[in-house]
Amino acid sequence: MTETLKVGAGDTAPAETHVPKLYGEPLPELPRDLYIPPDALEVFLDAFEGPLDLLLYLIRKANVNILDIPMAPLTAQYLEYVEAMRRSNLELAADYLLMAAMLLEIKSRMLLPRPAKTEEGEAEDPRAELVRRLMEYERIKLAAARLDALPQVHRDYEWATVWVAEKVAERAPEVSLHDLQAVWLALMRKARVKQHHRVQREELSVRETMGVVLRHLQGRGYVMFEDLFAATAAQAGMAGMIVSFLAILELARESLIEITQSEALAPIYVKCRDVATLQA
Amino acid sequence: MLQLYKPEDYKRVLETALLAAPEPLSLADLKKLFDEDFDDDTWRTLLDDLKRDWADRGVELVQLASGWRFQTRPEYQVFLDRLKNERPPRYSRAVMETLAIIAYRQPVTRGDIEEIRGVAVSPNVLKTLEGRGWIDIVGHRDAPGRPALYATTRKFLDDLGLRSLAELPPLAEIERMIDAHANEAPEIPATPDIADDAATPPAQGDAIPAAAEDGLFGPAG
Amino acid sequence: MLQLYKPEDYKRVLETALLAAPEPLSLADLKKLFDEDFDDDTWRTLLDDLKRDWADRGVELVQLASGWRFQTRPEYQVFLDRLKNERPPRYSRAVMETLAIIAYRQPVTRGDIEEIRGVAVSPNVLKTLEGRGWIDIVGHRDAPGRPALYATTRKFLDDLGLRSLAELPPLAEIERMIDAHANEAPEIPATPDIADDAATPPAQGDAIPAAAEDGLFGPAG
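A. Up close: the packing of aromatic side chains. If you walk through the whole model with that rule in mind, you get 24 aromatic pairs over all chains. Aromatic pair Tyr91 of chain B and Trp134 of chain B: ring centres 6.1 Å apart, planes at 75°, arrangement edge-to-face. Of this pair, Tyr91 of chain B sits in the loop between α4 (77-82) and α5 (93-105) while Trp134 of chain B sits in the loop between α7 (123-131) and β3 (135-140), placing them 43 residues apart in sequence. Across the pair, Trp134 of chain B and Tyr91 of chain B agree in class, each one buried. With centroids separated by 5.9 Å and ring planes inclined at 70°, the aromatic side chains of Trp134 of chain C and Phe156 of chain C adopt a geometry described as edge-to-face. Of this pair, Trp134 of chain C sits in the loop between α7 (123-131) and β3 (135-140) while Phe156 of chain C sits in helix α8 (residues 154-159), and the two are 22 residues apart along the sequence. The exposure class of Trp134 of chain C is buried, given its relative accessible area of 0%. By relative accessible area, which is 0% here, Phe156 of chain C ends up buried. Among the aromatic residues, those joined into a ring-pair cluster are Tyr76 and Phe79 of chain B together with Tyr10, Phe34, Phe38 and Trp43 of chain C. Lying over the aromatic face of Tyr222 of chain A, Lys271 of chain A brings its terminal NZ or CZ to 5.7 Å of the ring centre.

Right under this line is the structure:
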């Protein structure tokens, strides 16, 4: 594994020549692609999202294996970049300085003899954490580019938005069967409470109910058989219904009412025999 | 880039732009869509054609003062309303009680309603229900003043999703529920026949108002 | 009221509702449209049919995280852009990388994002994404300072045309690509697209100046 970073062949030699020294350490080779005109440095800096992005650029540009990074030249290039920034009086982000310290620390640990192998296998490479972070960042960087490539509403397409032509007429209230039933139930309950004492006081008699039925039939022509029960049942419940039935039979027997049914199971209608004489 | 050759291609771009535009698009706006400069007759043809394409849909292309836009047809409003979460307005208690009384006791007079409710019925209440087309007068009772008899209409059934009055929650059942609540203690065993009779609503419940209208079962006189 | 008889009639109501809805409509929403209760297969057939009807148009029916919606096809955007006064801004790399970390590693704290990106995260980046309604705070990590945990929203999926996070471009694939590249001998040129992707500094226009973006330290001394 060579310890020099390959540099693009087309790169021209820098006009400025001086002995590159970083923190007193001479560089083995000039990191040519890092010689940037000072006024372009700011633009260059802006192009990177941080030290990890810059390191990835240096590694990919040199086309070296990310799992076996040559630490010395990489560190040298990185520091040269930091130094160039310092020379141009550009403000340096803390993150860049932090990374510089980390690179120098890894590099120095690389110079020390490797510790003995552990039980699990090879000893931890001093570069392992850096490699892990670089790979994770590269994954996210690619993912971000992929996300950005996805069609995005308002940038790449629009929602269809058809105008809703609202009618000017106000919205009619809605009534459900359930509402209707609940109201009726409440009405019936109220009616029962009102009539409770009367029902208790007065005895239910067939004759009295016959009067109720007659009154109910008065002026109505044909009345549904069931409605007669409904009218009396509302007043006296099931007992009232039985009394009503007896009263209707008695009225029919006395020929005061007429009961008709057109066919079996058809509705049964009840009608006063002589409306005129019964009118009050 | 998408290449446009036939009039169909242009129409498709036009349609897409109009469907996506939040505001009506003027002819000047629409002209920005294409590099080509059509004369107004061509534009008119394109737009008329597009309008015709949408003739049988729930959405139509209309020309307004400020330009062209797609909008929903009024007939579809009732469906779109169902998607809204806002609560629909509600009728007052007086209107609901009156409606319930008419539905279950029809035909009834205003006096009948007042008797059951125990309070006077405002003419507005009946007017509201008549205005909605849910009740109408089906005759007059042969009594002093010949009071009007109210019954529910076919529109009432349609609007409540009923095929006939027979599908109203049965009266007897409701009353059994009241009984169960009111006098829990003395359970009088009902003769099955009677209970069944009372619980079975008339087969053609909605035929009653109609019959009264026809004068068949109308007030004897 | 409009009567619906044939499947075509139902499809037309469906189409109208979907074209007019300001938000995607879920199946539950769509079911509110009709009195009839169709089973899911019938719904699927109706929607698939409708989708097919629009196959050759500039607008398409798509299924997103929160439901169904009509949207214009990307090929037509070049025309629609001509009607716009301004183009929507492209997000900076800082914003997109932050979004990617939240999307793929959610829920994450600001500290997690900084750890992965290797730089401080400006509050503006998070504010931009929150303002778009793409991320929100879903809780707090049980750690010193109880940092907020960020996650992506349903709107993020809707706006990017995804039905679920599972439809994000797979990270696993990206990892394979990196691995394939990493395992090659250093002398052999890398797979071109990866090398290009990773080694090409972004166009200047995309990047927010680091000084404004990430907050700078004092001059190195």
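Once the structure has been displayed, the description carries forward.
B. Looking closely at the confidence of the model for chain A. All names here are of chain A. Model confidence for chain A is summarised by a mean pLDDT of 73, while 65% of its residues fall at 70 or above. Mean pLDDT across the elements of chain A bottoms out in helix α9 (residues 275-278) (43) and peaks in helix α5 (residues 128-149) (92). With pLDDT under 50 throughout, residues 1-18 is counted as low confidence; its partners more than four residues away or in other chains account for 24 contacts.

C. Representation of the pairing of strand β1 (residues 59-64) of chain B in the model. All names here are of chain B. With 6 bridges joining them, β1 and strand β2 (residues 67-72) adopt antiparallel strand pairing. Looking at β2, one finds that Val62 is bridged to Arg69. Taking the residues between adjacent antiparallel strands as the criterion, β1 and β2 are bridged by 2 residues.

D. Expanded view of helix α4 (residues 94-111) of chain A. Residues and elements named next belong to chain A. Given a rise of 1.5 Å per residue, 18 residues ought to cover 26 Å, and the 26 Å separating the end C-alpha atoms of α4 matches this to within 8%. Inspection of α4 places Asp95, Tyr96, Met99, Ala100, Leu103, Ile106 and Lys107 among the buried residues, and these make up the whole buried set. Projected down its long axis, α4 shows its buried positions confined to an angular sector of 140°, all on one face.

E. Highlighting the sheet that holds strand β3 (residues 223-224) of chain A. All names here are of chain A. The antiparallel open sheet is built from 3 strands, whose spatial order is β3-β5-β4. Only two strands of the sheet have a single partner each, and these edge strands are β3 and β4 (257-261). Here β3 runs beside strand β5 (residues 268-272); their pairing, made up of 2 bridges, is antiparallel. The residue of β5 that forms the bridge with Met224 is Tyr269.

F. Structural detail: the environment of Leu98 of chain A. By secondary structure assignment, the location of Leu98 of chain A is in helix α4. Leu98 of chain A sits 47 residues away from Pro51 of chain A along the chain, and the two C-alpha atoms are 8.8 Å apart.

G. Representation of the confidence of the model for chain B in the model. Residues with a pLDDT of 70 or more make up 74% of chain B, whose mean pLDDT is 77. The low-confidence segment residues 184-221 of chain B (pLDDT under 50) makes 52 contacts with residues lying over four places distant or belonging to another chain.

H. Structural context of the pattern of salt bridges. All names here are of chain B. In the structure shown here, the tally under the stated rule is 51 salt bridges over all chains. Here Glu97 ties to Arg117 by a salt bridge, and the two come within 2.7 Å at their closest N and O atoms. Residue Glu97 is located in helix α5, and its partner Arg117 is located in helix α6 (residues 110-117); the two are separated by 20 residues in the primary sequence. Exposure remark for Arg117: the relative accessible area of 13% places this residue in the buried category.

I. Highlighting the interface of chain B and chain C. With 30 residues of chain B in contact, the opposing surface of chain C contributes 29 residues. Carbon and sulfur atoms supply 69% of the area that chain B and chain C bury against each other, a total of about 2,800 Å² over both sides. For chain B, the biggest contributors to the area lost against chain C are Phe79, Arg82 and Leu83 of chain B; these three give 23% of the whole. Counting across the chain B and chain C interface gives 4 salt bridges. In this structure, the salt-bridge partner of Arg82 of chain B is Asp35 of chain C, at a minimum N-O distance of 3.6 Å. For the interface between chain B and chain C, the tally reads 6 residue pairs in polar contact (both at pLDDT 80 or more). Looking at side-chain class alone, the side of chain B that touches chain C contains 17 nonpolar, 4 polar and 9 charged residues.

J. Region of interest: helix α3 (residues 40-53) of chain B. Residues and elements named next belong to chain B. For α3, with 14 residues, the first-to-last C-alpha span of 20 Å sits near the 20 Å given by 1.5 Å per residue. Where α3 is concerned, the buried positions are Trp43, Leu46, Leu47 and Leu50. Around the axis of α3, the buried residues are gathered within 90° of arc, so they sit on the same side. Exposed residues pointing more than 90 degrees away from the buried face of α3 are listed as Asp41 and Arg52.

K. Fine view of the packing of helix α2 (residues 51-62) of chain A against α5 of chain A. Residues and elements named next belong to chain A. At a minimum axis distance of 10 Å, the contact between α2 and α5 shows a crossing angle of 95°. Taken together, α2 and α5 sit at an angle that is classed as roughly perpendicular. Along its contact with α2, which presents Leu52, Asp53, Leu55, Leu56, Ile59 and Arg60, the element α5 presents Leu130, Arg133, Leu134, Tyr137, Glu138 and Lys141. Partitioning the contact of α2 with α5 into residue classes produces 7 nonpolar, no polar and 5 charged.

L. Representation of the packing of α5 of chain B against α7 of chain B in the model. All names here are of chain B. At a minimum axis distance of 10 Å, the contact between α5 and α7 shows a crossing angle of 65°. Relative to α7, the element α5 lies roughly perpendicular. Along this stretch, α5 crosses α7, giving a crossing that reads as right-handed. Touching Ala94, Val95, Thr98, Leu99 and Ile102 of α5 are Val125, Leu126 and Leu129, all from α7. Here the residues of the contact of α5 with α7 are counted per class, giving 7 nonpolar, 1 polar and no charged.

Conventions and cut-offs
- Residues numbered from 1 in each chain as written.
- Chains lettered and ligands numbered in written order.
- Predicted model: local features only at pLDDT ≥ 70, side-chain atom pairs only at ≥ 80, totals over all residues.
- Heavy atoms only, no water.
- Phe/Tyr/Trp six-rings, centres within 6.5 Å; stacked < 30°, edge-to-face > 60°.
- Helix = DSSP H or I, 4+ residues; strand = E, 2+ residues; numbered from the N terminus.
- Buried < 20%, exposed > 50% of the residue type's maximum accessible area, 1.4 Å probe, protein only.
- Lys NZ or Arg CZ within 6 Å of the ring centre and 35° of its normal.
- pLDDT = per-residue confidence, 0-100.
- Contact = heavy atoms within 4.5 Å.
- Pairing = 2+ DSSP bridges.
- Expected span 1.5 Å × (residues − 1).
- Arc of directions from axis to C-beta.
- Salt bridge = Lys/Arg side-chain N within 4 Å of Asp/Glu carboxyl O.
- Buried area = accessible area lost by both parts, 1.4 Å probe.
- Polar contact = N/O pair within 3.5 Å; in protein donor to acceptor, adjacent residues only side chain to side chain.
- Nonpolar A, V, L, I, M, F, W, Y, C, P; charged D, E, K, R; others polar.
- Axes fitted to C-alpha atoms, helices over the stretch in contact; angles between N-to-C directions.
- Parallel < 35°, antiparallel > 145°, perpendicular 65-115°, else oblique.
- Left-handed = near helix turned anticlockwise from the far one by under 90°.

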